Amino acid sequence: MVAGMSVSLESIAVGHTATVADVLGDDAVALRLLEMGLTPGIVVRLVGRAPLGDPLELELRGYRLSIRRAEAARITLTAG
Amino acid sequence: MPQPSAPPSHLTVALLGNPNTGKSTLFSALAGIPTRIGNYPGVTVEEKVGRFTHRGMTIDLVDLPGSYSFTPQSPDEQVAIDVLRGRMADVSKPDCVVVAVDATNLERNLYLASQAMELGLPMVIALTLSDVAAAKGITIDDAALASRLGCPVVRVVAPTGDGVATLRERIVAAPDTPFPRPPDLSPHLSAIDGSRPQAAREAIARYAWIDRATAGIVSRSAPARRPLDERIDGWLTHRLWGTLVFIAVMLALFTSIFQLAAPLMDLISAGMDGVSAWAESVLPEGAIRSLIVDGVLAGVGGVVVFVPQIALLFLFIAILEGCGYLSRAAFLMDRLLVWAGLSGKSFIPLLSSFACAIPGIMAARTIENRRDRLLTILVAPLMSCSARLPVYLLLCGAFIPNVAFGASWLRLPAVVLVCMYAVGVIVAALVASVLSRTIFRGPPQPFVMELPGWRWPQPAVVLERVREAAWSFLKNAGTLILAMSVVIWALGSYPKPVLPAAADLTEAEQQGEALRQSFLGRAGRLIEPVVKPLGWDWRLGCAAVASFPAREVVLGTLGVIYNLGDVDPGEEEGATALVRRLKAATWDGTDRKVFTVPVALSLMVFFALCAQCASTLVIIGKETRSWFWPIVTFSYMTALAWLAAFATYQLGTALGW
């Protein structure tokens with residue numbers, strides 16, 4: 001991983017897990033994502049995508065959450 | 001003057017919790033059937049209050065809308081906060097708050113609970129779905145949790161009633177219990193970048209606090225095999241299998257609504273016919289009998305007949321919601337609906353509207369987002385409902401040439417019929433996408449939706465949904481529909497016709513003459529300049545006006561107005577007689593035929609897009625709590641219907657159809 005480049009949750013493959021680095025943005029959407037438990041350091045698994053590629057199904061903190069790719073693109077991941 | 005020393009005999013208790021935590025089941029287990037259901041003043045959020053007594057104490061249990069946090073993102077969540085802070089005019093400030101916390105999803109549920117701990121109210125945590133958690137290998141040390149949070153924690157399995165008695169004890173004792181300690185977020189806050197907004201820092205700090213509060217008291221033993229609900233989920237949200245199952249579920253749902261409701265609807269119709277016949281036999285002939293039979297009973301029957309469809313639809317929705325499929329359906333359909341400016345949650349309301357817009361609009365209650373909900377309600381009446389079908393069938397059968405279209409088995413009338421359904425869907429998509437980019441333009445609406453675990457729907461909750469939907473429909477639409485039907489009856493019956501004394505008219509001809517001379521007939525002639533560009537004569541205009549209460553009325557009106565007795569669209573003989581009469585109809589004083597292919601098409605397109613349904617408009621008014629939106633719906637749909645009918649007629653005439 002190149003330093004300074006950030007990978008978002010949108011780009012990981014189905015079935016893979018990743019660790020949340022941060023949620024970008026200061027708006028209500030960012031806040032709701034944090035409130036739903038997508039906080040820095042938490043491990044998320046991409047369970048699947050809807051038939052047309054959007055939205056995504058995630059697993060975190062022992063439950064399932066669906067968000068659109070636009071929202072997933074704002075969730076950066078820690079390298080490694 | 002209340003005695004300060006006397007123990008209180010009445011408690012107001014708020015029931016708070018995330019959506020999908022078994023909160024409704026817990027409400028039923030504690031309080032049974034709600035004593036009060038309505039809307040909170042000024043908002044479309046449902047207010048549900050139940051009452052029970054325990055140890056001589058009367059407890060009013062206020063079921064708050066499911067919420068994820070105290071920074072509200074929907075009117076529902078705002079209401080929850082307002083009630084808890086004592087800012088809701090209708091409800092007294094709660095004496096105690098019960099927080100339903102899903103044991104299978106402890107961390108995220110404790111987020112809301114930790115905010116509730118800051119309210120300065122006595123609090124009891126009900127650890128719901130403990131049995132499901134146990135089956136998943138999750139064990140929670142509830143005693144340790146209670147001591148860390150500083151409030152009682154009661155393990156409940158609401159469907160079986162386990163723990164409910166203990167919960168009642170804790171509620172009654174709550175006023176004497178110390179308040180929970182508000183969570184101390186400061187050590188966590190100091191570790192977070194100070195440039196972020198306070199709310200975001202607090203959210204991160206709160207989860208850090210939760211992680212520490214639950215450390216060591218939740219243990220997960222990995223189940224021997226992949227849990228069942230995970231495997232089900234894998235299939236039902238799969239790209240191919242998920243789509244196929246989805247189509248199968250929807251087909252099953254709608255065929256059963258039609259199939260199962262049909263006998264009940266026939267039964268109600270027959271019952272209403274019986275009542276009408278009885279009323280006709282006991283009442284003396286005259287205005288009173290006509291008012292009761294043609295006005296009141298016809299109007300009431302027209303409303304009651306929808307009840308089976310509404311009850312069935314809500315039964316299926318409640319079951320699908322209870323087991324968790326509804327969120328999967330929204331998940332599967334979201335992308336398609338985003339193109340039209342809607343969201344996945346609009347899917348069920350729109351699909352339901354093909355049966356009838358009324359349950360469809362009521363089903364839009366499941367959409368939390370106000371903008372998406374309003375947009376869905378505004379376009380739902382464009383879906384071709386079952387009341388349009390008889391109109392399409394009559395006109396397609398009578399005036400569209402029965403020739404092959406492409407293939408020999410594919411006939412033109414069937415193609416036109418499909419086109420009528422397509423017109424509604426396409427126009428709805430266009431209207432929604434235009435509105436969402438203009439009047440309803442705003443920041444992007446987030447789609448952050450929980451996919452709850454699979455579980456069995458609770459019969460008590462399901463039946464309550466059905467009962468509530470059927471009753472609110474009967475109560476709210478019934479009164480106004482009744483009034484509307486009486487008005488249309490009066491307009492069609494008065495003033496009494498002056499018949500030429502010597503003329504030897506048949507009864508049907510007399511009825512036709514009476515209608516011509518009535519206010520309704522005069523209105524039809526008055527609006528003739530408006531409907532002429534659509535290719536219609538004054539009688540068609542009159543039928544359109546008279547079908548304002550309900551589209552299907554148009555067949556009966558056409559029958560009367562073209563000098564034929566009242567035609568029941570279900571009777572094959574009557575319909576063919578009507579067809580013969582319509583085929584013979586000519587413009588007043590000429591032998592130019594009224595009904596040509598372009599006229600039939602323009603009439604069908606008009607009925608596909610118009611808002612000729614008083615019940616729908618009443619329900620829109622009821623659901624949006626405003627007269628503004630039904631007026632908007634009626635205006636835009638009528639304008640669109642006229643323009644599309646005009647274009648259809650002019651194009652058809654120009655092409656020489």
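The present account deals with the structure reproduced in this document. (Residues numbered from 1 in each chain as written. Chains lettered and ligands numbered in written order. Predicted model: local features only at pLDDT ≥ 70, side-chain atom pairs only at ≥ 80, totals over all residues.)

1. Here's the deal with the overall build of chain B
Counted only if it meets this: Only runs of H or I of at least four residues qualify as helices and only runs of E of at least two qualify as strands under DSSP, and these elements are numbered from the N terminus. Buried means a residue has 20 or more other C-beta atoms within 10 Å of its own C-beta, exposed means 12 or fewer, and partly exposed covers the counts in between; C-beta atoms are placed from the backbone. Each residue is represented by a C-beta atom placed from its backbone, and any two residues with such atoms within 7 Å are regarded as in contact.
When helices and strands are tallied, chain B shows 28 helices and 12 strands. Out of the 657 residues belonging to chain B, those deemed buried represent 46%. For chain B, restricting intrachain contacts to residue pairs at least 6 apart in sequence, the fraction spanning at least 24 positions comes to 69%.

2. Comments concerning helix H18 (residues 412-437) of chain B
Residues and elements named next belong to chain B. Note the threshold: Each residue after the first adds 1.5 Å to the expected span of a helix.
The end-to-end C-alpha separation of H18 is 37 Å, in line with the 38 Å expected for 26 residues at 1.5 Å each. Along H18, the residues classified as buried are Leu 417, Met 420, Gly 424, Val 427, Ala 428, Val 431, Ala 432 and Leu 435. Buried residues in H18 make contact with helix H16 (370-379), helix H17 (389-399), helix H26 (597-609) and helix H28 (628-654).

3. What about the nonpolar core?
Residues and elements named next belong to chain B. Stated formally: Joining buried Ala, Val, Leu, Ile, Met, Phe, Trp, Tyr and Cys residues through C-beta atoms within 7 Å gives a set, and that set is a nonpolar core.
Residues Leu 15, Val 98, Val 99, Val 124, Ile 125, Ala 126 and Met 604 are the most contacted members of the largest nonpolar core, which totals 195 residues. The element contributing the most residues to this core is H26, with 10 residues. If near-sequence neighbours (up to four positions away) are discounted, Ala 126 is found in contact with Leu 26, Val 98, Val 99, Ala 100, Val 101, Val 154, Val 156 and Leu 167.

4. Some remarks on the pairing of strand E11 (residues 407-411) of chain B
Regular strands have side chains that alternate between both faces of the sheet. All names here are of chain B. Test applied: Two strands make a pair as long as DSSP finds a minimum of two bridges between them.
Within E11, only 0 of the 5 residues are buried, leaving the element largely exposed. Bridge analysis of strand E10 (residues 404-405) against E11 gives 2 bridges, and the strand direction is antiparallel. Within E11, the position partnered with Phe 405 by the bridge is Ala 407. Counting the residues in the hairpin turn of E10 and E11 gives 1 residue, including Gly 406, whose phi is positive at 80 degrees.

5. Observations concerning helix H6 (residues 164-173) of chain B
Residue and element names in this part refer to chain B. How we decide: The arc in question is the one traced by the directions running from the helix axis out to the C-beta atoms.
Restricting attention to buried positions, one finds in H6 the residues Leu 167, Arg 170 and Ile 171. All buried residues of H6 lie within an arc of 100 degrees about the axis, which places them on one face of the element. Residues of H6 that are buried in the fold lie against strand E1 (10-17), helix H1 (23-31), strand E4 (57-63), strand E5 (96-102), strand E6 (123-128) and strand E8 (153-155).

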